[in-house]
Amino acid sequence: MTSATLLTPASTSSKPDEPRPGPARTRERAYVRSLVVLDTTVLTVAVLVGYVARFGDETPGGSKIPYVLVAPGLVLAWLVSLRVLRCYDDRVLGYGADEYRRVSTASLRLAGGVAIAGYIADVGVSRGFLGISFAVGTLGLEVARFAARKRLHRARSEGAGWSRKVLVVGDTAHVLELVHTLRREPYAGYQVVGACIPDALLAPVAQRLGDVPVVGSFRGIPEAATAIGADTVAVTASGELTATRLRRLGWQLEGTGIDLVVAPALTDVAGPRIHTRPVAGLPLIHVEAPEFRGARKLVKGFVDRAVSSVALTLLLPLLAVIALAIKIDSRGPVLFRQTRVGQGGREFGVYKFRTMVVNADALLAALAARNETDGLMFKMRDDPRVTRVGRLLRKWSLDELPQLVNVLLGHMSLVGPRPPLPSEVARYDGDVARRLLVKPGMTGLWQVSGRSDLSWEDGIRLDLYYVENWSLAADLTILWKTFGAVVNSRGAY
């Protein structure tokens, strides 16, 4: 689920084991080695857990199976399966869902292969041992990869982690747009180090596009990449870069260890909606239409109502404590009901725990000049209208728990765009109004990406991205990330 520009490999000249110049390759190899060690540790523990859970501390009675050999053999076969399914490929490490998908696929295929081989050869390896080992190992690999990725993301954000050194090639406007997109998510691992622009735009003196140095023209792209130590050439739109010139560029980069990727003008479209189909040697990108109805929508609605009903039941004691704290802290009602706009432009009353004084709306005009955000929303880090208990509730997002009632009633979803005010919707243009094609959510990309720290433009961009690319798997990922966002309290005020 990412909002970065789609980067499509345009050549296979750079193989995983090919050396790359500079410290970036060294950091990459060190990261891959750490993943191998981590995976080996996880799998060893998983196999031991499977053995102990099945047999305890006793030797399997009457069994002719040498588990002292089966266990390390299973770990070795698992590592080979991860390697064969390219789970250590630098193109999928550190960003996107493909890394997790490959790890799961490698584990499931090995489990299926072992089951079939055991049945055909009539080998009596304990099914309980194998089942527990594969269950624990698959889950452990996913958790370990997640932890390793989070550490890598922190290092990349601080400029210390393994990242690709990117030379961006294209017209100035498209170069600037791609640079902005890549820098919007530095943890993706694409660090722009230079740009090449058309010959006609070159000046006799050194040029910069923002803070990106222009290091050459289209005539010397490989030489420019080598000179600045780039390991990736990212080609964006340009009238001068014809199909023939792009193909020749791929030939020129063969054997250099420099990857060639193409960033099409199509942005904010998730991978599952994109399919590449070669026609007469031309890779055509087929983009599926967004899905706003159908079986998956019915499943999403069922899950929303089921989860909200269970959550409300389990959280009743907490809700009662919060209500009592609000009542003791300040005069006024416990709940705050505000009109919001939902799917299809239909208005509904959203429920929240009251976090402000009762006359908060009347005080808004006097605080308008102190608005700390752009766009149509009012946000103020030290809003004097917020009560003492309200600050705590907002910090941990507990004030939003009554929205579970809205989810149960079908007004909202667990995951979706932020529910807007009618005054905001009245000023929407045609693009922004697409937020109303789906139900608003208690959480969403806007919450796990910074909440109030986001600009209006970035918040809208994330909401529109979700509307166009939602999926049940993405919803689960956002719900998982919401816990981290709430614990860190980033952007909560």
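Residues numbered from 1 in each chain as written. Predicted model: local features only at pLDDT ≥ 70, side-chain atom pairs only at ≥ 80, totals over all residues. Heavy atoms only, no water.

*Asks:* Go over the overall build of the protein chain, please, and point to the residues and values.
*Replies:* Per the secondary structure count, the protein chain includes 16 helices and 13 strands. Counting every position in the protein chain, which comprises 493 residues, the buried fraction comes to 45%. Restricting the contact set of the protein chain to residue pairs at least 6 apart, pairs at least 24 apart contribute 73%. (Helix = DSSP H or I, 4+ residues; strand = E, 2+ residues; numbered from the N terminus. Buried < 20%, exposed > 50% of the residue type's maximum accessible area, 1.4 Å probe, protein only. Contact = heavy atoms within 4.5 Å.)

*Asks:* Account for the packing of aromatic side chains, naming residues and giving values.
*Replies:* Taken as a whole and judged by the stated rule, the model has four aromatic pairs. A cation over a ring is seen here: Lys297 above Trp470, with NZ or CZ 4.5 Å from the ring centre. (Phe/Tyr/Trp six-rings, centres within 6.5 Å; stacked < 30°, edge-to-face > 60°. Lys NZ or Arg CZ within 6 Å of the ring centre and 35° of its normal.)

*Asks:* Lay out the confidence of the model for the protein chain in plain terms, naming residues and giving numbers.
*Replies:* Considering every residue of the protein chain, the mean pLDDT works out to 82; 84% of them sit at 70 or more. Mean pLDDT values over the elements of the protein chain span from 46, in strand 1 (residues 8-9), up to 96, in helix 12 (residues 403-409). Note that pLDDT drops below 50 for residues 1-21; the model gives that stretch 69 contacts with residues more than four away or on any other chain. (pLDDT = per-residue confidence, 0-100.)

*Asks:* Which residues make up the pairing of strand 3 (residues 190-196), and what are the values?
*Replies:* Pairing of strand 2 (residues 164-169) with strand 3, which is carried by six bridges, proceeds in the parallel orientation. Paired with Leu167 across the two strands is Gly194, which belongs to strand 3. This β-α-β element, strand 2 to helix 5 (residues 172-184) to strand 3, shows right-handed connectivity. (Pairing = 2+ DSSP bridges. Right-handed = clockwise from strand over helix to strand, strands pointing away.)

*Asks:* Tell me about helix 9 (residues 316-329), residues and numbers included.
*Replies:* Spanning 14 residues, helix 9 covers 20 Å between terminal C-alpha atoms, matching the ideal 20 Å at 1.5 Å per step. Looking at helix 9, one finds that the buried residues are Leu319, Ile322, Ile326 and Asp329. On an axial view of helix 9, the arc spanned by its buried residues comes to 95°, and they lie on one face. Exposed side of helix 9, more than 90 degrees from the buried face: Leu316, Pro317, Val321, Leu324, Lys327 and Ile328 are the residues found there. (Expected span 1.5 Å × (residues − 1). Arc of directions from axis to C-beta.)

*Asks:* I'd like a description of empty space enclosed by the protein, backed by residues and values.
*Replies:* Counted according to the given criterion, the structure contains two cavities of 30 Å³ or more. Of the pockets and cavities examined, the largest cavity occupies roughly 40 Å³. Around the largest cavity, the lining residues are Val341, Gly342, Pro417, Arg418, Pro420, Arg435, Leu436, Val438 and Pro440. (1 Å grid on protein atoms, 1.4 Å probe; cavity = no way out; pocket = protein on both sides within 12 Å on 5 of 7 lines; lining within 4 Å. Points joined across faces, edges and corners; volume = space filled by probe spheres on them.)

*Asks:* An account of the environment of Tyr100 is needed here, citing residue identities and associated values.
*Replies:* Turning to its location among the elements, Tyr100 is positioned in helix 3 (residues 98-121). Taking the C-alpha atoms as reference points, Tyr100 and Arg145, 45 residues apart in sequence, are found 7.6 Å from one another. Discounting residues that sit within four places of it in the chain, Tyr100 has contacts with Glu142, Arg145, Phe146 and Arg149.

*Asks:* Before we move on, can you summarise unusual backbone geometry with the specific residues and values?
*Replies:* You will see that Arg86, though not glycine, has its phi angle at about 60°, which is positive. Residue position: Arg86 is located in the loop between helix 2 (67-84) and helix 3.

*Asks:* So what about the packing of helix 9 against helix 11 (residues 388-395)? Which residues, and what values?
*Replies:* Running from N to C, helix 9 and helix 11 point in directions that differ by 150°, and their axes come no closer than 8 Å. When the interaxial angle is binned, helix 9 and helix 11 end up roughly antiparallel. Contact with helix 9, carried on its side by Ile322, Ala325, Ile326 and Asp329, involves Arg388, Val389 and Leu393 of helix 11 and no other residues of that element. The residue makeup of the contact of helix 9 with helix 11, split by class, is five nonpolar, no polar and two charged. (Axes fitted to C-alpha atoms, helices over the stretch in contact; angles between N-to-C directions. Parallel < 35°, antiparallel > 145°, perpendicular 65-115°, else oblique. Nonpolar A, V, L, I, M, F, W, Y, C, P; charged D, E, K, R; others polar.)

*Asks:* Residue-level account of the pattern of salt bridges, with values.
*Replies:* This model, assessed by the stated rule, comprises 18 salt bridges. Notably, a salt bridge pairs Arg102 with Asp98, separated by 3.2 Å at the nearest N-O pair. Residue Arg102 and its partner Asp98 are both found in helix 3; the two are separated by four residues, about one turn of the helix. On the accessibility criterion, Asp98 (27% relative accessible area) is partly exposed. Between Arg149 and Glu99 there is a salt bridge, with the nearest N and O atoms lying 2.6 Å from each other. Of this pair, Arg149 sits in helix 4 (residues 127-157) while Glu99 sits in helix 3; the two residues are 50 residues apart in sequence, bridging distant segments of the chain. (Salt bridge = Lys/Arg side-chain N within 4 Å of Asp/Glu carboxyl O.)

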